[in-house]
Amino acid sequence: MVAMPGLMLLDTPSLYYRAFYGIPESMTAPDGMPVNAVRGVIDMIAMLVRRHSPTELVACMDADWRPAFRVAAIPTYKTHRLVEGGAEETPDTLAPQVPVIERVLDAVGIALVGVPGYEADDVMGTFTTRASGQVDVVTGDRDLFQLVDDSRPVRILYTARGVKNLQLVDEAAVTEKYGVPGRSYADFATLRGDPSDGLPGVPGVGDKTAAALITRFGSLEALLRALDGGEGGGDLTAGQRARLSAARDYLRVAPEVVRVARDVPLPEADIALPVKPRDPEALAALSERYGLSGPLERLTSAL
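Residues numbered from 1 in each chain as written. Predicted model: local features only at pLDDT ≥ 70, side-chain atom pairs only at ≥ 80, totals over all residues. Heavy atoms only, no water.

S.K.: With reference to specific residues and values, describe the packing of aromatic side chains.
M.R.: Under the criterion given, the structure shown has 10 aromatic pairs. Ring plane angle 70° and centroid distance 5.1 Å describe the contact between phenylalanine 145 and tyrosine 158, whose orientation is recorded as edge-to-face. Here phenylalanine 145 is found in the loop between β4 (135–139) and β5 (154–158), whereas its partner tyrosine 158 is found in strand β5, with 13 residues between them in sequence. The exposure class assigned to tyrosine 158 is buried, which follows from its relative accessible area of 16%. What links up through ring pairs into an aromatic cluster is the set Phe145, Tyr158, Tyr178, Tyr185 and Phe188. (Phe/Tyr/Trp six-rings, centres within 6.5 Å; stacked < 30°, edge-to-face > 60°. Helix = DSSP H or I, 4+ residues; strand = E, 2+ residues; numbered from the N terminus. Buried < 20%, exposed > 50% of the residue type's maximum accessible area, 1.4 Å probe, protein only.)

S.K.: Would you mind going over the nonpolar core in detail, with residue names and values included?
M.R.: Core analysis: the biggest nonpolar cluster contains 61 residues, and Leu9, Phe127, Val137, Leu191 and Leu244 have the highest contact counts within it. Once residues lying within four places of it in the same chain are set aside, the contact partners of leucine 244 are Leu191, Val202, Leu213, Leu223, Leu227, Leu236 and Leu251. Core analysis: the next-biggest nonpolar cluster, separate from the first, contains 43 residues, Tyr16, Phe20, Val98 and Leu157 among them. (Core = buried A, V, L, I, M, F, W, Y, C linked by side-chain atoms within 4.5 Å. Contact = heavy atoms within 4.5 Å.)

S.K.: Describe the layout of surface pockets, and please don't skip the residues or the numbers.
M.R.: Over the atoms, a rolled probe matching the size of one water molecule traces out where space is still vacant. By volume, the largest pocket amounts to about 910 Å³. Within the residue set of the lining of the largest pocket, elements represented by two or more residues are α1 (12–22), α4 (97–108), α5 (120–130) and α11 (248–258). It is α1 that provides the largest number of residues to the lining of the largest pocket, a total of five residues. The calculated volume of the second largest pocket comes to roughly 310 Å³. Residue lining of the second largest pocket: 14 residues in total, with Gly40, Met44, Met47, Val163 and Lys164 positioned closest to the centre. Among the elements of the structure, α1 and α2 (36–52) are those that each provide at least two residues to the lining of the second largest pocket. If you tally residues by element for the lining of the second largest pocket, the top one is α2, at six residues. Residue composition of the lining of the second largest pocket, grouped by class: six nonpolar, three polar and five charged. (1 Å grid on protein atoms, 1.4 Å probe; cavity = no way out; pocket = protein on both sides within 12 Å on 5 of 7 lines; lining within 4 Å. Points joined across faces, edges and corners; volume = space filled by probe spheres on them. Nonpolar A, V, L, I, M, F, W, Y, C, P; charged D, E, K, R; others polar.)

S.K.: Residues and numbers for helix α12 (residues 280–290), please.
M.R.: Along α12, the residues classified as buried are Leu283, Leu286, Ser287 and Tyr290. Looking down the long axis of α12, one finds its buried residues gathered within 100° of arc, a one-sided arrangement. With respect to the buried face of α12, the exposed residues turned more than 90 degrees away are Glu281 and Glu288. Contacts from the buried residues of α12 go to α4 and α13 (293–302). (Arc of directions from axis to C-beta.)

S.K.: Hey, could you go over the sheet that holds strand β1 (residues 7–11) for me, with residue numbers and the actual values?
M.R.: Strand pairing in a sheet relies on backbone hydrogen bonds, with the paired strands running either antiparallel or parallel. In space, the six strands of this open sheet follow the order β3-β2-β1-β4-β5-β6, with mixed pairing throughout. Lying at the two open borders of the sheet, with one neighbouring strand each, are β3 (111–113) and β6 (167–169). Sheet twist, expressed as the average angle between the axes of neighbouring strands with direction ignored, equals 25°. (Pairing = 2+ DSSP bridges. Axes fitted to C-alpha atoms, helices over the stretch in contact; angles between N-to-C directions.)

S.K.: Which residues make up the pairing of β5, and what are the values?
M.R.: Counting buried positions along β5 yields five of five residues, so the element is predominantly enclosed. A two-sided burial pattern is seen for β5, the buried positions comprising Val154, Ile156 and Tyr158 on one face and Arg155 and Leu157 on the other. Judged from the five bridges that link them, β4 and β5 form a sheet pairing that is parallel. Residue valine 137 lies in a different strand from β5, and its bridge partner there is isoleucine 156. Relative to β6, β5 is paired through three bridges, and the arrangement is antiparallel. Paired with tyrosine 158 across the two strands is glutamine 167, which belongs to β6.

Shown next as structure tokens:
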């Protein structure tokens, strides 16, 4: 994998969940509080900086993990993660670590950006759209494959196998895996659905059929025009026509849910990669309080 200095966007929730489940909870602060996610995120960022040398770095956050505009479109969106009171189900020993991660990154000087009413995905989509050069998006969420664009270039550094074994996802990788170019991934995902996000998809349409339909018609919009009697409508089989027609209400609203927003009102932020901690005293206090000297030494050395 060739390192190409530019903007690196971190899907921070994806990283801290991966760290939490990948590192034993026996990794604790002096007072016994688990800090496995905190230590894991710090070490992940150190490794990413060392290997890829970004010039800009943003830790993107979920200010709203279940935005109202997506729930209004599809009420089942992420309902399986809801707990009483409308909060997101989060492991009891992870929840207290998230504010610590935020405080550590702030003291280091890494920009944390979350925008009310939007998910981290939308923040990354907007940064990607506004960027003028190379962008690397670090995530374990395949929904973000829709951002891949060789012409800019925008790449996904996919963490499914861990940060030590990142998979580079570009247009060729998306096409090889799913049979569609990256720019068509959102349309493909809309047809296929995603039970993990409460998106039903079109019943009877799996990966192969979704890819074939998007390849044949070029986009979901063109497919729906064909369904309504437009050009290419004769290319649909009777079964495909029946399934798509039955799912028409879903297909009308789903794209707004599946596609990341690219026009989020981002706050002003200094996204330059820091070369030294922004607040050394605060960082030293956090290091002592949570027993983070090793990971923080590795991170500051990488910076």
